[in-house]
Amino acid sequence: MASNLAVRHYLQFTDFSADDYAYLLERSAFLKAKFKRYETWHPLHDRTLAMIFEKNSTRTRLSFEAGIHQLGGHAVFLNTKDTQLGRGEPVEDAAQVISRMTDIIMIRTFGQDIIERFAAHSRVPVINGLTNEYHPCQVLADIFTYVEHRDSIKGKTVAWVGDANNMAYTWIQAAEILDFKVHFSAPSTYQLDQKMLSPNAKKHLTIFENPVDACRGADLVTTDVWTSMGYEDENQVRLKAFKGWMVNDALMAAANSDALFMHCLPAHRGEEVSASVIDGPQSVVWDEAENRLHVQKALMEFLLCGKL
């Protein structure tokens, strides 16, 4: 059973306040320090996490499964191909059943509407492990990584170079809440959907035609694969369209001299990022990947226990 706290979900970055994030970042550092010291910490003893996957995963599955174990709980892996969800069971019915048997649920799926419908019928917290529209856990890990290396992200500039995907939209949401700027650059036919941007987004977002201009003065340069899951049929067209948007040494040279490079992985060297950048001294991609574990532990603890 979940705690007596009011059920909160984490379906997109805007679900939490700046104060919530200040706590989560501090808590992530606390839990990471314990992990590095091999100190046992089991606030979620006997709690069960259901992990529902419609999309392939490495970092999401490993970080959530290891994370709940390290907090004293247990994970149950559910692939929609092997469950009744894959045979047409309504999302609403699945939510009723799964949330009666577990304490917290993580879903990695396609449309944001699916996870919203699931959460609306769940008795326990639901976490977005990735949808087509948003990837809040990844951006939370990225921001924690930036804070570890450079301190507060408030007032800083993040350059997003590449596809207008779930990561880009989540970075824009994060900029609104945590008060930093996003420079966005993508080919003209792959621009942001203005319907997905809040009225406040314009205060934190600047769109550039030229990726070098987007990187100019940036404190963090970040990108993702040009062809996200579900768009594989467009791969050859996208490779041609995005050819001038590879994050290479020239783009990093336009950024601030102490700028960091991030990528949520998996990466394709020679496509969206050059090997010299992702394997270079400004890259923090391995810290970024590891930090999925620590921020998600803080997130699960927060959703089930509140502030400790």
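The structure we're discussing is the one just above.
Conventions and cut-offs
Positions within a chain are numbered from 1, following the residues in the order the chain's sequence is written. For a predicted model such as this one, the threshold for reporting local features is a pLDDT of at least 70, and the threshold for listing and counting side-chain atom pairs is 80 or more; totals across whole chains, interfaces and linings nevertheless cover every residue. Just so you know, side-chain values use all the structure's heavy atoms and leave hydrogens and water out. A run of H or I in DSSP counts as a helix once it spans at least four residues, and a run of E counts as a strand once it spans at least two, with each numbered from the N terminus. Here a helix's expected span is defined as the number of its residues, less one, multiplied by 1.5 Å. Throughout, bend refers to the angle between the axes fitted to the seven residues that end at a position and the seven residues that start at it. The pairing criterion for strands is at least two bridges between them, as found by DSSP. Lines fitted to C-alpha atoms define the axes, with helix axes restricted to the stretch in contact, and inter-axis angles between N-to-C directions lie between 0 and 180 degrees. The contact criterion used is simple: two residues touch if any of their non-hydrogen atoms lie within 4.5 Å. Angular relationships are summarised with four words: roughly parallel below 35 degrees, roughly antiparallel beyond 145, roughly perpendicular across 65 to 115, and oblique for the angles in between. Should the near helix be turned counterclockwise from the far one by less than a right angle, the crossing is left-handed, whereas a clockwise turn marks it as right-handed. Residues are sorted three ways: Asp, Glu, Lys and Arg are charged, Ala, Val, Leu, Ile, Met, Phe, Trp, Tyr, Cys and Pro are nonpolar, and all the rest, Gly among them, are polar. Burial classes: relative accessible area under 20% of the type maximum marks a residue as buried, over 50% as exposed, and values in between as partly exposed (1.4 Å probe, protein chains only). When charges are counted, neither His nor the chain ends are considered; positive counts come from Lys and Arg and negative counts from Asp and Glu. A carboxyl oxygen of Asp or Glu within 4 Å of a side-chain nitrogen of Lys or Arg is what we treat as a salt bridge. Pairs of N or O atoms within 3.5 Å make up the polar contacts considered here, provided that, within protein, one atom can donate a hydrogen while the other can accept it, and that residues adjacent in sequence are counted only when both atoms are side-chain atoms.

(A) Up close: helix 11 (residues 285-305). An ideal rise of 1.5 Å per residue puts 30 Å on 21 residues; helix 11 measures up with 30 Å between its terminal C-alpha atoms. The largest bend in helix 11 comes to about 30 degrees, at Asn291. Just past helix 11, the residue Gly306 takes up positive phi, approximately 75 degrees.

(B) The arrangement of the sheet that holds strand 3 (residues 104-108) in detail. One open sheet holds the four strands; their spatial order is 2-1-3-4, and the pairing between them is parallel. With one partner strand each, in any of the chains shown, strand 2 (74-79) and strand 4 (126-130) form the two edges of the open sheet. Adjacent strand axes in the sheet meet at a mean angle of 20 degrees, parallel and antiparallel pairs treated alike. Here helix 2 (residues 59-70) sits on the sheet in contact with strand 1 (48-53), strand 2, strand 3 and strand 4, set at roughly 170 degrees to strand 1. Sheet contacts for helix 4 (residues 112-120): strand 1, strand 3 and strand 4; angle to strand 4, the most-contacted strand, approximately 165 degrees.

(C) Region of the structure containing the packing of helix 3 (residues 91-101) against helix 4. Where helix 3 contacts helix 4, the axes come no closer than 8 Å and their chain directions differ by 45 degrees. By the angle class used here, helix 3 and helix 4 are oblique. Relative to helix 4, helix 3 is oriented so that their crossing is right-handed. For the pair helix 3 and helix 4, contact is made by Val91, Glu92, Ala94, Ala95 and Ile98 and by Ile114, Arg117 and Phe118, respectively. The residue inventory of the contact of helix 3 with helix 4, partitioned by class, reads six nonpolar, no polar and two charged.

(D) Region of interest: the sheet that holds strand 5 (residues 157-161). Across the sheet, five strands lie side by side as 7-6-5-8-9; this open sheet has parallel pairing. Strands with a single pairing partner mark the edges of an open sheet, and in this sheet they are strand 7 (205-208) and strand 9 (260-263). This sheet shows a mean twist of 20 degrees between the axes of neighbouring strands, independent of strand direction. Direction of pairing for strand 8 (residues 220-223) relative to strand 9: parallel, over a ladder of four bridges. Note on strand 9: the bridge partner recorded for Thr222 is Met262.

(E) Fine view of the side chain of Asp103. Mapped onto the elements, Asp103 comes out in the loop between helix 3 and strand 3. Despite being buried, Asp103 has no salt bridge partner; Arg47 is the closest side chain of opposite charge, sitting 4.5 Å away. Of note is the side chain of Asp103, whose polar atom sits 2.8 Å from the backbone nitrogen of Thr48.

(F) Structural view of the side chain of Thr223. Relative to the helices and strands, Thr223 is located in strand 8. In this structure Thr223 comes out as buried when scored by relative accessible area, which is 0%. Reaching out from Thr223, the side chain makes a polar contact with the backbone oxygen of Val161 at a distance of 2.5 Å. With sequence-adjacent residues up to four places away left out, Thr223 is seen in contact with Trp160, Val161, Gly162, Val247, Phe261, Met262, His263, Cys264 and Glu272.

The quantities given are spatial measurements derived from coordinates; they are silent on function.
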